[in-house]
Amino acid sequence: IFDIREKQDGYIEFALELEDQTITPTMSPTQYSTSSPTLESRELLTTFTGDIKSHGNMFEVKAIQEVDVTSIDVHTSLTLGDSAFQLEIYTKKGTFLGFENDSSSWTKICCRSTVMGMGPMSRSPVLEAMFYSNVLIAKGEIQSFYVTSKNADLLYTPSGGPSRNDHEGSWNYDLRVLGGGVGVMGYPFGTAVADREWNGVIHYNVNKVSFLSSSLSNSDEYQNMITPTFTGENTAYGFMFDIVTKDSPITIKTLSFHTDLIQPDIRVFVWYKRGTHVGHEQMPESWELLSDTIVRGERYLHRTPIPPEFFKDVKVNANERVALYISLTTPNLRYSNVSPSGNKSGSENENLIIMHGKSVLSTSFGLNSNQKKEWNGSIQYMVHEANIGPAPLLLPAGNNDVSLSGLTGGVTTSYAGGNGGRGAMFDVFAKGEMPGFGGIVVTSIDFHTDSTSDDIGVRVYTCQGSFMNHAYDSKAWKLVADTKVTGRGPFKKTGIVESVFDQVYIPAEQVQAFYVSLDRPNLLYSDVPETVVVRKVWSQSEDVEVTVGAGLGYSMEFTGLQEPRLWNGSIRYSVADIVTTAPTPRFTRGPTPPPFSAVVVTSNPTGRTPTASPTSRPTKAVIVTPTVPSQITWPVVYRSLATTFAGGNGSFGNLFNLIAPSGKGGITVTNLDLHTDHPGKDLQVEVWTRNGPFEEGTQSVQCCGWTLLVRTTVVGVARHEPTSIPSNEFPPVNVQPGETRGFLVTFDTDDMRYTNYEENEDLQYAANDDLVQITVGAGVSEYPFRGRIVPNRMWNGRVFYRSPIG
């Protein structure tokens, strides 16, 4: 016989008094077997502060992991002294927007009997037995609920505004009640009143997984540990950071962390996600729970381990980045400041790198510090034998044959130096604006070193796309030069002769990454102003752009990125011309227009110097050099059209139309620039399009003919500056003559900038030229877009397009 009492924090406390007995804890065996998931009953409470009476509420629930809703509690003005009342509960999959008065779209799930009211500020239970069925909500899905009564006795709370995004509303680690619900005046499906928060509790079941580890019996595996430090003086509720593996895959078995607590009941949570934590700090649905358990704190300067049997193993591939988030229920997790003279990236060993991260200043994915900090803890893991397969094809075999035009060029970033290390990464973008331009062929590079030694080892690697996508993935890069050179010292070019450099073809409107690596820490690069971010164009010619990149300071290649840094050097190249038809675009509205013919430039409009023998040096299977026809006329013009980058307002996204006037040749949209006020922030951007004006498809992107063109991550540039979508990720889309095509451009955060437009302003279009018109559109105040728009909001951005002119 013993007493049980419920503590204020929701835990159950009990005590046993035993006489003359010793209890020996049962040790877990070495070998564990994985048991089936068990159901655990949980609840989510919104609030019970409402004092406005109505007939009901509609609201949306988003599942962070799969949940099975079993019952609810409601808030009513009726008390035990009143008669029991009849309650009805309906549900539907997806949003309720657009279905507020459509009873046929809802399914009734309650109630078999009447409900007894418990009065204001109290729960009025609707028992599970009263429900006709449970409601299963899959992970990531949205389910709508409608709670209503024949009399206006239900209580709700006015919400703060129309925001319906995933960062509003009440939530826990399993599900979220989204903000932006509506009250209903009238039974059963009466008039909807916006911005009303449902008062109540959702009861549900969730799978509670037993996180059990396997034994370490495989001969190709062994246990390892990496420990940054346990000396931190700072405390917070949690800490987020990334780890990057090297050439071998690993399995994370468990973690230890640093706390100043010595009590036996510390509750700790651990989540992880593929990719970086940046941009997902307050998005629990992006994360997977690895551990939720109680541990004993081992005090300051000591490891507090999480037992492996309560930690879900995580397999991390070679050269992969994943994020970890460790959280306590009290601000007692310790971390360290980053030493200015210390390692700028984090801690590493032969298997992985622990990157610097950020502290979390409250519970439940709350506010976080923007300053880089060092996690205190250790990671226990197993290493697996690397699975080395054939090298991927990195350089484009191409749909176009390529010929050198007889023109050469070059572009230089800087030779100012000021910083340095063993390597530098950067991007090169081949433009597409010149008639007849088919891209460039990089023939060699010059770099900047402070050494005058005659035996400097230099390697040059390249890969398709931005270096940011493959910075730590050595297998994604192709070696195009490996030689020794004589350094010419500071402020001078040190060149690589073309005979030892494999030519690299970069098609028009494509990005190619380069990595220059020395065998000693004598490569010079430059710091850039704080307002300059990675991938911002620093230098350009009429053919190419070179971006701000990263420096690498470590002895091991593909490690220790320091960004942003400006590579010092020059790109030498020849101009290529397309001599066959272009490939079919990945996205077209309807019939594909006649292919664009190609051209060889016969004059010298740019003033560049033709080479005497541009193809005299044998190429190394990087480009193809067919016979060049004598002359072909060019029927295509490349242009761009911008609205404004004035900003002044903003939210999640913009809707606008592109109109191709009749009597012209139509256009093919090849890319967009956007406007955000968050420099350096990783932003997830989506671009959607539909045949016809956007005004005919404002209910949701899930209907009305919308097609997703792009979903990718961009790095924000400063306010009033364009933020570009990677050109190799944007599929061309055609707008035929006389056609109107709607576009939706949106972030998953409210970081899009646009400009208010007053209807009395005499402005027909946001921007236009003789080939295309951009209309004044609407702002989007939610993500994902489900119909809530703000009219007269001018999209800030630039449209890149091409058009036949023959």
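## Structural notes on the overall build of the chain
Alright, step 1. For the chain, the helix and strand inventory stands at zero helices and 63 strands.
Alright, step 2. Classification of the 806 residues of the chain by burial places 54% in the buried group.
Alright, step 3. For the chain, contacts bridging at least 24 residues in sequence account for 83% of all contacts bridging at least 6.
Alright, step 4. When the accessible surface of the chain is totalled, it reaches about 34,600 Å², and 49% of it is carbon and sulfur.

## With respect to the nonpolar core
Burial of nonpolar side chains together is a common tendency in soluble globular proteins.
Alright, step 1. By size, the foremost hydrophobic cluster in this structure holds 34 residues, and its most contacted members are Val-669, Leu-672, Val-687, Ile-725, Val-745 and Ile-774.
Alright, step 2. The dominant element in this core, judged by the number of residues it contributes, is strand β52 (residues 667–675), at four residues.
Alright, step 3. In contact with Leu-672, other than residues within four places in its own chain, are Val-687, Thr-723, Ser-724, Ile-725, Phe-730, Val-745, Trp-795, Arg-798, Val-799 and Phe-800.
Alright, step 4. Judged by nonpolar contacts, the second largest core, of 32 residues, contains Val-428, Ile-445, Val-546 and Trp-567.

## Quick word on the pattern of salt bridges
Should their charged atoms come close, side chains of opposite charge can pair.
Alright, step 1. In this structure the tally under the stated criterion is 26 salt bridges.
Alright, step 2. Glu-348 is the salt-bridge partner of Lys-246, the closest N and O atoms lying 2.4 Å from each other. Remark: Glu-348 occurs in strand β29 (residues 346–348) and Lys-246 occurs in the loop between β21 (238–245) and β22 (250–257); sequence separation between them is 102 residues.
Alright, step 3. For Glu-348, a relative accessible area of 27% gives the class partly exposed.
Alright, step 4. Asp-455 serves as the salt-bridge partner of Arg-520, at 3.6 Å between the closest nitrogen and oxygen. You can see Arg-520 sitting in the loop between β42 (511–518) and β43 (523–526) and its partner Asp-455 sitting in the loop between β37 (440–447) and β38 (456–464), a full 65 residues away along the chain.

## Observations concerning the packing of aromatic side chains
Between two aromatic rings, the relevant description is the distance of the centres plus the angle of the planes.
Alright, step 1. The full count for this structure, using the stated rule, is 25 aromatic pairs.
Alright, step 2. Arranged with centres 6.0 Å apart and planes meeting at 65°, the rings of Trp-287 and Tyr-325 form a pair that is edge-to-face. Taken as a pair, Trp-287 in the loop between β23 (266–274) and β24 (288–295) and Tyr-325 in strand β27 (residues 321–328) lie far apart in primary sequence, 38 residues in all.
Alright, step 3. The class of Tyr-325 is buried, set by a relative accessible area of 0%.

## What about the sheet that holds strand β20 (residues 234–236)?
Alright, step 1. Strand order in the open sheet formed by three strands is β20-β28-β32, and the pairing between neighbours is antiparallel. A strand with exactly one partner marks an edge of an open sheet, and here the two such strands are β20 and β32 (373–375). Each neighbouring strand pair of the sheet contributes to a mean axis angle of 45°, computed without reference to strand direction.

## Some thoughts on the confidence of the model for the chain
Caution is warranted with low-pLDDT regions, since their predicted coordinates should not be read in detail.
Alright, step 1. Mean pLDDT over the chain stands at 78; residues scoring 70 or higher make up 78%.
Alright, step 2. Below pLDDT 50 for its whole length, residues 209–222 participates in 37 contacts with residues either more than four positions away or in separate chains.
Alright, step 3. Under a pLDDT of 50 for its full length, residues 579–635 has, in the predicted model, 124 contacts with residues more than four places off or in other chains.

## Thoughts on the state of the cysteines
Alright, step 1. Scanning the model with the defined rule gives two disulfides in all.
Alright, step 2. Here Cys-703 connects covalently by a disulfide to Cys-704, the sulfurs 2.4 Å from one another. Where Cys-703 bonds to Cys-704 through sulfur, the torsion about that S-S bond is close to -50°, and the disulfide is left-handed.
Alright, step 3. Across the chain, the disulfide pattern expressed with sequentially numbered bonded cysteines is 1-2, 3-4.

## A few points about the side chain of Thr-689
Alright, step 1. Mapped onto the elements of the fold, Thr-689 is located in strand β53 (residues 682–691).
Alright, step 2. A distance of 3.2 Å separates polar atoms of two side chains, one belonging to Thr-689 and the other to Arg-741.

## So, unusual backbone geometry
Alright, step 1. Cis geometry marks the peptide bond from Cys-110 to Cys-111; its omega dihedral reads 25°.
Alright, step 2. Relative to the elements of secondary structure, Cys-111 occurs in the loop between β8 (107–110) and β9 (124–126).
Alright, step 3. Here Glu-563 and Pro-564 are connected by a cis peptide whose omega angle stands at -5°.
Alright, step 4. Looking at the element boundaries, Pro-564 is found in strand β47 (residues 561–567).
Alright, step 5. Positive phi values are uncommon outside glycine, yet Met-121 reaches one of about 65°.
Alright, step 6. One non-glycine residue with positive phi stands out, namely Asp-195, at about 60°.
Alright, step 7. Position of Asp-195 among the secondary structure elements: in the loop between β16 (191–194) and β17 (196–198).
Alright, step 8. Here Asp-195 falls in the buried class, since its relative accessible area comes to 19%.

## Focus on the sheet that holds β17
Alright, step 1. Taken together, three strands build an open sheet; the order of strands is β4-β12-β17 and the sheet is antiparallel. Of all the strands in the sheet, just β4 (52–54) and β17 have a single pairing partner and so form its edges. Between one strand and the next, the sheet's axes are offset by a mean angle of 50°, whatever the strand orientation.
Alright, step 2. Of the pairings in the sheet, the one linking strand β12 (residues 154–158) to β17 comprises three bridges and is antiparallel in character. When the bridges of β17 are listed, Thr-157 appears paired with Glu-197.

## Regarding the pairing of strand β28 (residues 333–337)
In the case of a regular strand, side chains alternate between the two sheet surfaces.
Alright, step 1. With respect to burial, β28 is a largely interior element, four of its five residues being buried.
Alright, step 2. As paired elements, β20 and β28 share three bridges and run antiparallel to each other. Residue pairing across strands places Thr-235 opposite Arg-334, the latter belonging to β28.
Alright, step 3. As paired strands, β28 and β32 are joined by three bridges and run antiparallel to one another. Of the residues in β32, the one forming a bridge with Asn-337 is Lys-373.

## A short note on the pairing of β42
Alright, step 1. Of all eight residues in β42, eight are buried; the element is thus mostly enclosed.
Alright, step 2. The two faces of β42 match: Val-511, Ala-513, Tyr-515 and Ser-517 on one face and Gln-512, Phe-514, Val-516 and Leu-518 on the other face are all buried.
Alright, step 3. Here strand β36 (residues 423–430) pairs with β42 via seven bridges, running antiparallel. Pairing of Ala-424 across the sheet is with Val-516, part of β42.

## Some words on the environment of Arg-299
Alright, step 1. By the secondary structure assignment, Arg-299 is in the loop between β24 and β25 (304–305).
Alright, step 2. Arg-299 sits 36 residues away from Gln-263 along the chain, and the two C-alpha atoms are 8.6 Å apart.

## Thoughts on the environment of Asn-671
Alright, step 1. As for its position among the elements, Asn-671 is in strand β52.
Alright, step 2. Each C-alpha atom, one on Asn-671 and one on Phe-730, is 5.9 Å from the other, the two residues being 59 residues apart in sequence.
Alright, step 3. Dropping the residues within four chain positions of it, Asn-671 is found in contact with Ile-725, Pro-726, Ser-727, Phe-730, Arg-798, Val-799 and Phe-800.

Reading guide: rules and limits
Residues numbered from 1 in each chain as written. Predicted model: local features only at pLDDT ≥ 70, side-chain atom pairs only at ≥ 80, totals over all residues. Heavy atoms only, no water. Helix = DSSP H or I, 4+ residues; strand = E, 2+ residues; numbered from the N terminus. Buried < 20%, exposed > 50% of the residue type's maximum accessible area, 1.4 Å probe, protein only. Contact = heavy atoms within 4.5 Å. Areas by Shrake-Rupley, 256 points an atom, 1.4 Å probe, with all protein chains shown as cover. Core = buried A, V, L, I, M, F, W, Y, C linked by side-chain atoms within 4.5 Å. Salt bridge = Lys/Arg side-chain N within 4 Å of Asp/Glu carboxyl O. Phe/Tyr/Trp six-rings, centres within 6.5 Å; stacked < 30°, edge-to-face > 60°. Pairing = 2+ DSSP bridges. Axes fitted to C-alpha atoms, helices over the stretch in contact; angles between N-to-C directions. pLDDT = per-residue confidence, 0-100. Disulfide = S-S within 2.5 Å. Polar contact = N/O pair within 3.5 Å; in protein donor to acceptor, adjacent residues only side chain to side chain.

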